[in-house]
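A closer look at the structure
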Amino acid sequence: MTTTQRLACIASKLTCVALITVFPFIQPAMAQNDKMVAIPIPTQPDVIELSTGPLPGATATESWHKQYGSMFARNVTVATLRPFLPDPAKATGAAVIVAPGGGFRTLSMENEGWQVARALAAKGVAAFVLKYRLNQTPADLEEFARPPAPRPTGTPPPAGTPAAPPRTVGGDMASRIAPQLADANAAFALVRANAAKWHVDPDRIGMIGFSAGAALTMTTGLNSKEAKPAFLGNIYGPLGAVEVPADAPPLFAAIAADDPLFGFNVGLIENWRKAKRPVEFHYYEQGGHGFGMYPKETTSTGWFDAFSSWLKMHGYLKPKA
């Protein structure tokens, strides 16, 4: 690991869950590739700019780097959506908005975005990778990668230093990540507006997210009156108790027992069940945090196959009858 970054809480309508994000956390087997290396912004075919505008007050511009053999975006100020459409002969009409993670400071575009979308498209499901706007970080990559120096107790931070997010905070997460939630809403609106062109059923659009992207996914599913996802995927995201509405969509959740960010707190799963809403939960013995589509010698690598089987069980891997 190179950098430990603590983030603000993740909440539902009434409940706030502490989230401490270590980004990026990959198993030691990948330690030889852990150095962040700046790269040019890659070509992203067919990417579509969303209608949410530039991030207010942003001064740092978008930049990309490579780490652990994968590509990451940082300082995203304009949200985009990149379609990954299935072969029309295999298209089922179902679609998924894919939200990569990275603590709202960076985005794991490859491991938790494009590779997931390609795998979904191969199953006949249209996938759309959401590059949502991020909290600003130092423009200099070395400064971003450098762990913050400890400050003597009681010493105030230097002038201009952003306030460190608290570990637990009350309030509505929807207001705390308003730009990202607006981006998610715009993504759903765009897909529905192009449903005929992309051979998507407007009523069969779900969302899956990873880590912070899972927090955005759950916030979208529980708080947005516009998006109304048909189903939700929470991959190593917050699992604390939430208020579950009577019409909550089906939920798939997966996390590893050795995830360093979250303890064994499955209030989310319990409350989904109490609300008598469909929920499936996979608790893998090993996998750490951020396993995504990385090839690993752990059963957590099977999460995508499990998710695909779950989509099939709910009828999303074939055209609607």
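Values in this document were obtained by computation on a predicted structure and should not be read as measured data.

Cut-offs and rules
- Residue positions within a chain follow its written sequence, with the count starting from 1.
- In view of the model being predicted, local features appear only for residues whose pLDDT reaches at least 70, and side-chain atom pairs are presented and counted only at 80 or more, with totals across whole chains, interfaces and linings using the full set of residues.
- The basis for every side-chain value is the complete set of heavy atoms in the structure, and neither hydrogens nor water enter the calculation.
- Runs of H or I in DSSP of at least four residues are treated as helices and runs of E of at least two as strands, each being numbered from the N terminus.
- When a residue's accessible area, from a 1.4 Å probe over protein chains only, is under 20% of the maximum for its type it is buried; when over 50% it is exposed; and in between it is partly exposed.
- Only heavy atoms matter for contacts: two residues are in contact if any of them lie within 4.5 Å across the pair.
- Each accessible area is a Shrake-Rupley result for a 1.4 Å probe, and residues are judged covered by the shown protein chains and nothing else.
- A fitted line through C-alpha atoms represents every axis, and for helices the fit uses only the stretch in contact; the resulting angles, taken between N-to-C directions, go from 0 to 180 degrees.
- Relative orientations are named as follows: roughly parallel for angles under 35 degrees, roughly antiparallel for angles over 145 degrees, roughly perpendicular for angles from 65 to 115 degrees, and oblique for any other angle.
- Should the near helix be turned anticlockwise from the far one by less than a right angle, the crossing is termed left-handed; should it be turned clockwise, right-handed.
- Three categories are distinguished: nonpolar for Ala, Val, Leu, Ile, Met, Phe, Trp, Tyr, Cys and Pro, charged for Asp, Glu, Lys and Arg, and polar for the others, with Gly belonging to the last.
- Strand pairing is defined by DSSP finding a minimum of two bridges between the two strands.
- A side-chain nitrogen of Lys or Arg and a carboxyl oxygen of Asp or Glu constitute a salt bridge if their distance falls within 4 Å.
- Two rings belonging to Phe, Tyr or Trp (six-membered ring only in the last case) form a pair when the distance between their centres is within 6.5 Å. Interplanar angles under 30 degrees mark stacking, angles over 60 mark edge-to-face geometry, and anything in between is tilted.

Concerning the overall build of the protein chain
Scanning the protein chain from terminus to terminus reveals eight helices and 14 strands. By the burial criterion, 55% of the 321 residues in the protein chain qualify as buried. Taking the contacts inside the protein chain whose residues are at least 6 apart along the sequence as the reference set, 77% of them involve residues at least 24 apart. Accessible surface, the protein chain: about 14,100 Å² in total, of which carbon and sulfur atoms supply 55%.

Notes on the packing of helix 4 (residues 178-193) against helix 6 (residues 212-223)
Orientation of helix 4 relative to helix 6, taken along the N-to-C sense of each, is 70°, at an axis distance of 10 Å. Relative to helix 6, the element helix 4 is oriented roughly perpendicular. Crossing hand, helix 4 versus helix 6: right-handed. When helix 4 is examined against helix 6, the residues Q180, L181, A184 and F188 are found in contact with a partner set consisting of L216, T219 and T220. Class assignment of the residues belonging to the contact of helix 4 with helix 6 gives a composition of four nonpolar, three polar and no charged.

Observations regarding the pairing of strand 6 (residues 70-74)
In summary, the side chains of a regular strand alternate between the two faces of the sheet. Counting buried residues along strand 6, five of its five residues qualify, which places the element largely inside the surrounding structure. Here strand 5 (residues 63-67) pairs with strand 6 via five bridges, running antiparallel. Directly across from S63, in strand 6, lies its bridge partner R74. Linking two consecutive strands that pair antiparallel, namely strand 5 and strand 6, is a turn of two residues; a positive phi of about 55° is found at Y68 within it. As defined by bridge partners, strand 6 adjoins strand 9 (residues 106-107) across two bridges and the pair is classed as antiparallel. By the bridge assignment, A73 is partnered in strand 9 with L107.

Some remarks on helix 8 (residues 303-313)
Among the residues of helix 8, those classed as buried are W303, F304, A306, F307, S308, W310 and L311. The elements touched by buried residues of helix 8 are helix 1 (110-122), strand 11 (205-210), strand 12 (232-235), strand 13 (251-256) and strand 14 (279-284). Two residues or fewer past helix 8, G315 is found with a positive phi of approximately 85°.

As for the pattern of salt bridges
Under the definition given, this model contains two salt bridges. Between E62 and K131 there is a salt bridge whose closest N-O contact spans 2.9 Å. With E62 in the loop between strand 4 (48-49) and strand 5 and K131 in strand 10 (residues 126-131), the pair connects residues that are 69 residues apart, well separated along the chain. Residue classification places K131 among the buried positions, given a relative accessible area of 5%. Residue R133 pairs with D183 through a salt bridge whose shortest N-O separation is 3.0 Å. Residue R133 is located in the loop between strand 10 and helix 2 (141-145), and its partner D183 is located in helix 4; the two are separated by 50 residues in the primary sequence. According to the relative accessible area criterion, R133 is buried, its value standing at 4%.

Some thoughts on the pairing of strand 8 (residues 95-99)
Burial within strand 8 is extensive, with five of its five residues counted as buried. Sheet topology places strand 8 next to strand 11; five bridges connect them, and they run parallel. Residue A95 lies in a different strand from strand 11, and its bridge partner there is I205.

Re the packing of aromatic side chains
Taken as a whole, this structure holds 14 aromatic pairs when the rule is applied. Summarising the aromatic geometry, the rings of W303 and F304 are spaced 5.6 Å apart at their centres and angled 90° between planes, so their arrangement reads as edge-to-face. Note on W303: relative accessible area 0%, which makes it buried. On the basis of relative accessibility, which here comes to 8%, the residue F304 falls in the buried class.

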